[in-house]
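Structural description and commentary
Residues per chain are reported as follows:
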Amino acid sequence: MTHRLHPAQVRRQWIFSTLFLAGGAYLLHRGSSVPTEGRAVVVMAFGALLITGGLLQVRGAFSSVSFDGHEIWWTGALGSRKRFAWADITNVEVGKNRNRPDSGDVVRVIHREYGDFKLPAVIGMPGAWRDPDFETKAAVIIAAWRAATATAEPAT
């Protein structure tokens, strides 16, 4: 099974990537047309940072989370790919993205050796960009982990 961002969230990624890329290109253009001085270098550095953010937004639009009965794998915004066997995962839980009540919900996967990872394509953002299927997607992932890691109860 594979989960991707909700269409509203993909639109959000494209909107922000367009804004970041356009703003970054404008700043790079403005900074390059001025003689090299301290302020021009700062403007160009900020423009390069905006372009990097825009490219990450584009990449994030294509993120996905897939799983089967044996493992889970995903592609994140930076192009990183992770693949873990369910047996190596100690917990799968829903939590806040940041420690603020207004931040979005995420599904966290905790690996026994590598620590805590947020799944990129299962995001419950607040407001209009919230995935209406977030709770269902999260429950399916948690159920798959529980089913894969269930141990037979000893007979009494």
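It should be emphasised that the depicted structure is a prediction, and the values quoted were computed from it without experimental measurement. (Residues numbered from 1 in each chain as written. Predicted model: local features only at pLDDT ≥ 70, side-chain atom pairs only at ≥ 80, totals over all residues. Heavy atoms only, no water.)

Here we look at the overall build of the protein
As a reminder of what qualifies: Only DSSP runs of H or I with at least four residues qualify as helices, and only runs of E with at least two residues qualify as strands; both kinds are numbered from the N terminus onward. To get the radius of gyration, use the C-alpha atoms; to get the globule rule, take the number of residues to the power 0.38 and multiply by 2.2 Å. Categorising residues by exposure relies on relative accessible area from a 1.4 Å probe, with only protein chains included: less than 20% of the type maximum marks a residue as buried, more than 50% marks it as exposed, and the intermediate range marks it as partly exposed. Contacts between residues were defined by any pair of non-hydrogen atoms, one from each residue, lying within 4.5 Å. In this description, accessible areas are obtained by the Shrake-Rupley approach with a 1.4 Å probe, and a residue is regarded as covered only by the protein chains that are shown.
Secondary structure assignment for the protein yields 3 helices and 7 strands. Taken from the N to the C terminus, the helices and strands of the protein come in the order β-α-α-β-β-β-β-β-β-α. Scaling as 2.2 N^0.38, a compact globule of 156 residues should have a C-alpha radius of gyration of about 15 Å, whereas the protein reaches 20 Å, well beyond that. With the C-alpha coordinates of the protein rotated into their principal frame, the extents come out at 80 × 35 × 30 Å. Burial analysis of the protein (156 residues in total) assigns 35% to the buried set. Partitioning the intrachain contacts of the protein with sequence separation of at least 6 by distance along the chain shows that 47% fall at a separation of at least 24. As presented, the protein carries roughly 9,400 Å² of accessible surface, and 60% of it is formed by carbon and sulfur atoms.

Here we look at helix H1 (residues 7-32)
Threshold: Here a helix's expected span is defined as the number of its residues, less one, multiplied by 1.5 Å.
Counted at 1.5 Å a residue, the expected span for H1 with its 26 residues is 38 Å, and the 37 Å between its end C-alpha atoms agrees. Those residues of H1 lying buried are Ala8, Gln9, Arg12, Gln13, Ser17, Gly24, Leu27 and Gly31. At its buried positions, H1 is contacted by helix H2 (38-60) and strand S7 (115-124).

A short note on the confidence of the model for the protein
Keep this limit in mind: Per-residue confidence from the predictor is reported as pLDDT, which spans 0 to 100.
Averaged over every residue, the pLDDT of the protein is 83; residues scoring 70 or more account for 93%. pLDDT under 50 marks residues 152-156. Its contacts with residues more than four places away, or in other chains, come to 0 contacts.

What to know about the sheet that holds strand S2 (residues 64-67)
Sheet strands pair via backbone hydrogen bonds, and the direction of the pair is either parallel or antiparallel. The following threshold applies: Pairs of strands are assigned from DSSP output, requiring at least two bridges between the strands. Lines fitted to the C-alpha atoms define the axes, with helices restricted to the stretch that makes contact. Angles between their N-to-C directions range from 0 to 180 degrees.
Read from one edge to the other, the open sheet built from 4 strands follows the order S1-S2-S3-S4, with strand pairing classed as antiparallel. Strands with a single pairing partner mark the edges of an open sheet, and in this sheet they are strand S1 (2-4) and strand S4 (81-85). Strand-to-strand twist across the sheet, computed as the mean angle between neighbouring axes with direction ignored, equals 10°. Those strands touched by helix H3 (residues 134-149) are S1, S2 and strand S3 (71-75), and its axis lies near 35° from that of S2.

Section: the pattern of salt bridges
Opposite charge on two side chains permits pairing when their charged atoms draw close. For clarity, the threshold we go by: Here a salt bridge means any side-chain nitrogen of Lys or Arg lying within 4 Å of a carboxyl oxygen belonging to Asp or Glu.
Applying the stated criterion across every chain, the model contains 5 salt bridges. Between aspartate 88 and arginine 112 there is a salt bridge; the shortest N-O distance is 3.8 Å. A residue pair is termed long-range when its members are at least 10 positions apart, and aspartate 88 in the loop between S4 and strand S5 (89-96) and arginine 112 in the loop between strand S6 (105-111) and S7 qualify at 24 residues. With a closest N to O distance of 3.2 Å, aspartate 105 and lysine 96 form a salt bridge. A residue is classified by how much of its surface remains accessible, and aspartate 105, at 15% relative accessible area, is buried.

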